[in-house]
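Examining the three-dimensional arrangement
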Amino acid sequence: MRSKTYSPIAKSLHWLVFALVAVQLVLGWLMPGARRTTPPDVLNNWHMSIGVVILALIAVRFLWRLIANSPLPEPGPRWQIVTAEATHLLLYALVFVLVFSGWANAVAHNWTITLFWSVKLPAVLPAGAGWVRAIGELHSAIVWVLLGLVGLHVAAALGHHFILGDNVLRRMLPGRTADRS
Ligand code: HEM
Ligand code: HEM
């Protein structure tokens, strides 16, 4: 039977991805720009490593959603339920696309992605291909698309909580699992 609230695993993954995306934004804006002629700096390496962790977490989160089902929507008008579901699916997709474009960006700059200075990951994409460079160049624009959607998502969560006074935000917050069925 589907529950009314998010499981501790779903909540933990949601807030962990949120925190790591915030760290990525700070790293992305602070780190030196990518140059084809220079190796990645320490901050670039942190950025790429954390990006790969986000990819793993969002994949687990999505699989978890398929296996465990997301909770039943809070009662409300149909347009709200459909918009919320569409936004959530788009958020998953955008995080994937963002990580993919970041990967392409690294490959286009001839950078090897070394996971936390230990495991070298394969380039996967052809370094010299024009389409890889084009996708890589979209990375910073995709960041803004994600930020716009997250802004909408946060406004909706806060609107539900403070204006409509319903359970939507509370059921994603830590600790409140009593109404699981
Ligand atoms: C959720 C994940 C990610 C976020 C939020 C993110 C965010 C950002 C931001 C804000 C920038 C700076 C853009 C600018 O200068 O305007 C950036 C640049 C960059 N990112 Fe990411 N990124 C993510 C994942 C990745 C991944 C997985 C990789 C590679 C494996 C990557 C590789 C790069 C590279 C190489 C640059 C430098 C671009 C340049 O200076 O031309 N990113 N990222
Ligand atoms: C990088 C930032 C974020 C991403 C990528 C993200 C992504 C998601 C996704 C994919 C879901 C759907 C979960 C599912 O059912 O499968 C979700 C649900 C939710 N998120 Fe976020 N989120 C982010 C930040 C936030 C923030 C900052 C807040 C609060 C202010 C928030 C509040 C919520 C709430 C309340 C739900 C449950 C909505 C419902 O039950 O209909 N999220 N989030």
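Only a predicted model underlies this, so the values are computations on that prediction, with no experimental measurement involved.

Since one α-helical turn is 3.6 residues long, residues separated by three or four positions face the same way. With 27 residues, helix α2 (residues 42-68) extends 38 Å between its outermost C-alpha atoms, agreeing within 8% with the 39 Å of an ideal straight helix rising 1.5 Å per residue. Two or three places before Leu43, at the opening of α2, Asp41 has a side-chain oxygen 2.9 Å from that residue's backbone nitrogen. Downstream of α2 by a residue or two, Asn69 has a phi angle that is positive, lying close to 65°.

This next bit is on the coordination of the iron atom of ligand 2. Here the iron atom of ligand 2 is held by the protein donor atoms His14 (NE2) and His153 (NE2), which lie 2.0 Å from it. Taken together, the six donor atoms coordinating the iron atom of ligand 2 span angles of 86 to 179° at the metal, a pattern that classifies the geometry as octahedral. One end of the pair, His14, is in helix α1 (residues 8-30); the other, His153, is in helix α5 (residues 139-164), with 139 residues separating them in the sequence. Here His14 falls in the partly exposed class, since its relative accessible area comes to 23%.

Protein coordination of the iron atom of ligand 1 is provided by His47 (NE2) and His139 (NE2), with donor distances spanning 2.0 Å. Around the iron atom of ligand 1, the six donor atoms sit at angles spanning 87 to 178°, and that spread fits a shape best called octahedral. One end of the pair, His47, is in helix α2; the other, His139, is in helix α5, and 92 residues separate them in sequence. For His47, a relative accessible area of 13% puts it in the buried group.

Criteria and cut-off values
Residues numbered from 1 in each chain as written. Chains lettered and ligands numbered in written order. Predicted model: local features only at pLDDT ≥ 70, side-chain atom pairs only at ≥ 80, totals over all residues. Heavy atoms only, no water. Helix = DSSP H or I, 4+ residues; strand = E, 2+ residues; numbered from the N terminus. Expected span 1.5 Å × (residues − 1). Polar contact = N/O pair within 3.5 Å; in protein donor to acceptor, adjacent residues only side chain to side chain. Donors = N, O, S within 2.8 Å, 3.2 Å for Na, K, Ca; no water. Tetrahedral: all angles 85-135°; square planar, octahedral: opposite > 155°, others 65-115°. Buried < 20%, exposed > 50% of the residue type's maximum accessible area, 1.4 Å probe, protein only.

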